[in-house]
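# An overview of the molecular structure
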Amino acid sequence: MENEFEVGEALAKKLDNDDPLADFPSKFYIPENTIYMNGNSLGLLPKKGEKTLLRVLEEWKTVGVKGWVNIEQPWFFFAEKLGEKAASLVGAKPSEVIATGTTTINIHSLISTFYEPVGKKTKILADVLNFPTDIYALQSQVKLKGLDPKENLILVESENGRFLEEETIIDAMTEEIAIILLPSALFRSGQLLDMKYLTEEAHKRGILIGWDCSHSVGVVPHYFDEWGVDFAIWCSYKYLNAGPGASAFLYVNEKHFNKEAALSGWFGYVKEKQFEMNLHFEQAKNAGGWQISSPSILGSAALEGALDLILEAGIDEIREKSLKMTSYMIFLVDELLSKEPYIFSVGTPREEERRGGHVALEHKEAYKIHEELLKKNVVHDFRPPNIVRITPSALYNTYAEIWEVISIIKNLFD
Ligand SMILES: *Cc1c(COP(=O)(O)O)cnc(C)c1O
């Protein structure tokens, strides 16, 4: 890998020339005079997403309530249609994926369904490096079962504050664990956990396991069915580019379709009979059974075009380019920024199979560097205490931009 790259703008230009996804930046709205490397926080608007959003607005404008059923692509089936489109990104059957709710709500919905403390098996296993909202949700789920989170929510520790070791997680899979929720990729370091291995190890011990893939869907291929994952959730405003607060997704493995949703609502009803308005709830026998409310049609309208664009690019091609971009960035940091006076270190795994879509640059003056980079219109983010987080998007960034960002950082010191 190392030999593939060299320092200098010429290589960046060559990589862009040879890039099979070179057309894709023109399919996005990129803020003017900006290098936007923050797609793991909020992805940019794809022109296709704008188109589907405007189509839905036009439908509302022109036909009103008829939009639910009496148009070419009725809103009534929109959540299912988006689930179908997203299924191939996560290795699922169309019936196992639904666009619904928001991430934290979906965690509540699925954990309340699958967390069934009985006998000795009363605990949830999670980790200290997950995105805090997941932990807040798990704490309240434990309380809702009348239990104490201090005893029943076990958080796997990290040795260095950056990474989690799969073996440490497996050691924590004791006979008291009822269910596990883990992030696919850690939001600070970008470490990608071995979802297949951990799923298998959980199942060997009779433990259910779910994944929060907010930091990986759209940039890393997933194979939920093949791995036997029980359930998963993910947001759609990061690597899926569906817009701020857009509808999220949930996945339920078909082996659980007969399970009763803990938080039911009328949109989880058997589709063909929903409007019979019975007081007895009859749950749809697919992931749609976990819907609660009317789907946010405006909140998922851009998602349709955004998913189409990702499918057009191909998730394997996206992963390949994303890894090449992050490898290139790591190479440049090693070559140009690791020694005095720069002293950056890379807080992201160097092994490709353990890396998500971003690079965490660690520096003791990270906050100051973050502020200076913002002044130079390099959009990225800071994660306390010492991380400058940079996410080159395979869809709308170039290798030349990576070269430029590293040069800008170097110039701050020179
Ligand atoms: C982004 C992200 C969320 C966001 O939660 P919302 O409910 O959409 O605000 C949750 N969990 C993880 C792991 C995330 O990366």
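A brief look at the structure comes next. (Residues numbered from 1 in each chain as written. Predicted model: local features only at pLDDT ≥ 70, side-chain atom pairs only at ≥ 80, totals over all residues. Heavy atoms only, no water.)

For the rest of this paragraph, the subject is the sheet that holds strand S9 (residues 345–346). Paired through backbone hydrogen bonds, the strands of a sheet run either parallel or antiparallel to each other. Spatial ordering of the open sheet is given by S9-S10-S13-S12, a layout of four strands whose pairing is antiparallel. Pairing within the sheet leaves two strands with one partner each, and these edge strands are S9 and strand S12 (381–383). Two strands pair when backbone bridges link them, and strand S10 (residues 359–362) and strand S13 (residues 387–390) are joined in this way by four bridges, in the antiparallel orientation. Paired with Glu362 across the bridge in S13 is Ile387. Across the sheet, helix H12 (residues 366–375) lies against S12 and S13, angled at about 40° from S13, the strand it touches most. (Pairing = 2+ DSSP bridges. Helix = DSSP H or I, 4+ residues; strand = E, 2+ residues; numbered from the N terminus. Contact = heavy atoms within 4.5 Å. Axes fitted to C-alpha atoms, helices over the stretch in contact; angles between N-to-C directions.)

Scanning the model with the defined rule gives one cavity of 30 Å³ or more in all. Lining the largest cavity are Gly39, Gly218, Val219, Lys238, Tyr239, Asn241, Ile318, Ser393, Ala394, Leu395 and Tyr396. (1 Å grid on protein atoms, 1.4 Å probe; cavity = no way out; pocket = protein on both sides within 12 Å on 5 of 7 lines; lining within 4 Å. Points joined across faces, edges and corners; volume = space filled by probe spheres on them.)

Tracing the backbone through its elements, the reader meets Ser95 in the loop between helix H3 (78–90) and strand S2 (97–99). Note on Ser95: relative accessible area 33%, which makes it partly exposed. Taking C-alpha positions, Ser95 is 8.8 Å from Val252, a pair spaced 157 residues apart along the chain. If we ignore the near neighbours within four places in the chain, the residues touching Ser95 are Phe257, Asn286 and Ala287. (Buried < 20%, exposed > 50% of the residue type's maximum accessible area, 1.4 Å probe, protein only.)

Let us look at the packing of aromatic side chains. The way to describe two aromatic rings as a pair is by their centre distance and the angle between their planes. Under the criterion given, the structure shown has 24 aromatic pairs. Ring centres 5.2 Å apart and planes at 75° place the aromatic pair Phe131 and Phe187 in the edge-to-face group. Residue Phe131 is located in the loop between strand S3 (123–127) and helix H5 (132–144), and its partner Phe187 is located in the loop between strand S5 (177–183) and helix H8 (195–204); the two are separated by 56 residues in the primary sequence. Residue classification places Phe187 among the buried residues on the basis of a relative accessible area of 7%. Cluster of aromatic residues (ring-pair linked, three or more members): Trp68, Trp75, Phe76, Phe77, Trp266, Phe267 and Phe275. (Phe/Tyr/Trp six-rings, centres within 6.5 Å; stacked < 30°, edge-to-face > 60°.)

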